[in-house]
Amino acid sequence: MTTLWKRFKHAFEADLHNVFDKKEQKNPIAMLNQYIREAEKQTEQTGKWIERQAQLKAQLEKELKEAIDMQAKRTSQLDLARQTNEGELIDFAEAEVTAYTNRKDVLQASISRTTEELFGLEQKFEEMKHKLKDMKVRQLQLMGKENVTRAHHQMDRVLQPEASKNGEKRLLAFEEMEQYIERLGQRIEKQHDLSSMERRLDMLEKNAQPQQEIV
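Since the model is a prediction, treat every value here as computed from it, not as a measurement.

Chemist: Describe the overall build of the chain, listing the residues and the values that go with them.
Modeler: What the chain contains, in helices and strands, is four helices and zero strands. Seen in sequence order, the chain has helices and strands lined up from the N terminus as α-α-α-α. The proportion of buried residues among the 215 residues of the chain is 22%. In the chain, the share of contacts with a sequence separation of at least 24, taken over all contacts with a separation of at least 6, comes to 75%. Roughly 17,200 Å² of accessible area belongs to the chain as shown, and the carbon and sulfur atoms make up 52% of that amount.

Chemist: Got a sec to walk through the nonpolar core? Specific residues and values, please.
Modeler: Within soluble globular proteins, side chains that are nonpolar generally end up buried alongside one another. Counting residues in each nonpolar core, the largest one holds seven residues, listed as Ile29, Leu32, Ile36, Ala39, Leu132, Met135 and Leu142. At four residues, helix α2 (residues 28-84) tops the list of elements feeding residues into this core.

Chemist: Provide a residue-level description of the pattern of salt bridges, including the pertinent values.
Modeler: The tally for this structure, following the rule as stated, stands at eight salt bridges. A salt bridge links Lys65 to Asp69; its shortest N-O distance comes to 3.1 Å. One end of the pair, Lys65, and the other, Asp69, are both in helix α2, four residues apart, so they sit about a helical turn from each other. Linking Arg74 and Glu96 is a salt bridge whose minimum nitrogen-to-oxygen distance equals 2.8 Å. Taken together, the residues span a long stretch of sequence, with Arg74 in helix α2 and Glu96 in helix α3 (residues 87-159) at a distance of 22 residues. Look at Arg74 and you get buried, because its relative accessible area is 13%. Judged by its relative accessible area of 18%, Glu96 falls in the buried class.

Parameters and conventions
Residues numbered from 1 in each chain as written. Predicted model: local features only at pLDDT ≥ 70, side-chain atom pairs only at ≥ 80, totals over all residues. Heavy atoms only, no water. Helix = DSSP H or I, 4+ residues; strand = E, 2+ residues; numbered from the N terminus. Buried < 20%, exposed > 50% of the residue type's maximum accessible area, 1.4 Å probe, protein only. Contact = heavy atoms within 4.5 Å. Areas by Shrake-Rupley, 256 points an atom, 1.4 Å probe, with all protein chains shown as cover. Core = buried A, V, L, I, M, F, W, Y, C linked by side-chain atoms within 4.5 Å. Salt bridge = Lys/Arg side-chain N within 4 Å of Asp/Glu carboxyl O.

Quick look at the structure:
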């Protein structure tokens, strides 16, 4: 368990605020994304090892059950051989009982150790998953902050063009656009006034025609 965990200890003990060095600070989102991808791979691989450890424990337990069953069987046969005074069978059964007893003791000790190691691995694995989740939350926070920063920057380029790199050109372009719209508005208004006057004159002329005919 100790050897297995050491392979991941370095990657998960570092605090997220100290992950990036000065070079990495230029693009923390990209570095965090890469770090999370690597952590996900390590977590997935660790999960497979823990699953494998659980399978090995199950196999040991299966072997233990077989050893216990065979020990009981050979013990019963040994009693029977002693009752019949079969010397060769007695020797064979005694050797078998001893072998299965030793195997049972070894397996029980191994299972006990494996169970303890598996429990420790599972605890560490949960820590890894929580750490990975914390990093993903941090990723979302940084992405949100980056998005807000980009949005503010884009809006400032429109609302405060003089602050941009080509501010003077942008400001001049806005002023020219405003002047053009102002001239266009004046022209339309003048044309409207002129058209209105023409309509009034036409109406005046039309109303005057019947009076002239009567006279």
